[in-house]
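Per-entry structural report
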Amino acid sequence: MQPTPLASGLRAVQASVPGPGAASVHPRDVLLGAQAQTGFLPVCDHYSGVEVRMRKSLQLQAEMTQEFGTCVFDVTLDCEDGAPVGLEFQHASLVARMAAAAAPGARVAARVHAVDHPAFANDVATIAGEAGHRLCHIMIPKVESVDDVLLAERALERASAAHVPLHVLIESPAAVQRAFDIAAHPRVQSLSFGLMDFVSAHGGAIPAQAMTSAGQFTHPLVVRAKLEIASACHAHGKVPSHCVVTEFSDMAALQGAAGRASRELGYTRMWSIHPAQIRTILQAFAPQQDDIDSASRIIAAAALADWAPISVDGVLHDRASYRFYWQILERAHRTGRALPLAVRHWFDASTLVPS
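Residues numbered from 1 in each chain as written. Predicted model: local features only at pLDDT ≥ 70, side-chain atom pairs only at ≥ 80, totals over all residues. Heavy atoms only, no water.

**Some thoughts on the overall build of the protein chain**
From N to C terminus, the protein chain includes 15 helices and ten strands. Split into buried and exposed, the 355 residues of the protein chain put 53% on the buried side. Taking the contacts inside the protein chain whose residues are at least 6 apart along the sequence as the reference set, 73% of them involve residues at least 24 apart. Entry remark: accessible area of the protein chain is about 15600 Å², with carbon and sulfur atoms responsible for 56%. (Helix = DSSP H or I, 4+ residues; strand = E, 2+ residues; numbered from the N terminus. Buried < 20%, exposed > 50% of the residue type's maximum accessible area, 1.4 Å probe, protein only. Contact = heavy atoms within 4.5 Å. Areas by Shrake-Rupley, 256 points an atom, 1.4 Å probe, with all protein chains shown as cover.)

**Some details on helix H13 (residues 289-304)**
Its 16 residues give H13 an end-to-end C-alpha distance of 23 Å, which sits within 8% of 22 Å, the value for a rise of 1.5 Å per residue. All of the buried residues along H13 are Ile-292, Ala-295, Ser-296, Ile-298, Ile-299, Ala-300, Ala-301, Ala-302 and Ala-303. One or two steps after H13, the chain reaches Asp-306, where phi turns positive at roughly 55°. (Expected span 1.5 Å × (residues − 1).)

**Topic: the pairing of strand S6 (residues 188-193)**
Of all six residues that make up S6, six are buried, and the element is covered over most of its length. Sheet topology note: the strand S5 (residues 166-170)/S6 ladder contains five bridges and is parallel. Across the sheet, residue Leu-166 finds its bridge partner in S6, namely Val-188. Strand direction decides the pairing type here: S6 and strand S7 (residues 239-242), joined by three bridges, are parallel. Within the sheet, the bridge partner assigned to Ser-190 lies in S7 and is Val-239. (Pairing = 2+ DSSP bridges.)

**Digging into the sheet that holds strand S4 (residues 135-140)**
In spatial order, the strands read S1-S2-S3-S4-S5-S6-S7-S8; together these eight strands close into a barrel with parallel pairing. Going across the sheet, the axis of each strand differs from the next one's by a mean of 25°, ignoring polarity. Helix H6 (residues 146-158) rests against S4, S5 and S6 of the sheet, and its axis sits at about 150° to S5. (Axes fitted to C-alpha atoms, helices over the stretch in contact; angles between N-to-C directions.)

This is the structure we're talking about:
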């Protein structure tokens, strides 16, 4: 009787004989298809718009990159809320200079004004035109539909920065309804939820309590919006980014919100508005060590079997579960967690494929 493919795969693992492709094929090339995330972003996106704080944020990013061995948060330089009224042109020029002068390896982005704001065109022309080669993305606030994405896309093309990914803020009931269409656009890399604007867009029908760290997880309309955005992102391989916690001195509130966003609502990224929030967000979004160890054992065994089905501790695994466990390792790496030796080589700079 000829052995079944499953039986052959199980024996390959038990014998621990490396298959011919195990050393040469990166797990991303094997496991990440159309349903998988298209880009691996740091789990924290830190916003600052005042010059001294922007400079300190970039300095802190460099220090923590050195500490963790990888960039663990993006720095987004803010024009929308950071630019003084009447000085939008000057602020855009400042952001462009700071982004262009960022240290090698820095992940620096910019949030520009909304597409219908008078400063939008100049923001993109100045920042993307002068620093597009350094930007990891451009954040577009108050996106209502794919039409807004197309306007931003054309603005980037005029600035000779067509390669720069777009992140968008979903901040109204109509935008939530269109979240799947927005997430489907190939230039869009991430969707963020704008809590305060979303609540304000309901004309007082949602109480102010829904903007707090606790209330945003209990009001049905807010929770529904968060779930729609997360689902839209995962449907199209994009990154759902959770909203801020404005009680920035309350680390317990932040830890609770970040943990619930990650465990209950499917978010893989979160905004920070104060440097003290960054490490708490990293901790909340990082996998537990037991999960990292289990994922490492399964992925290392799968590679030895050339990604055929295997049994680990009496449980069947194949490429569907391999993808899940590989993404645990990706998130562990993005949060600066130490990886077991059996999988660490896949995260060396020389073997990583571009995000």
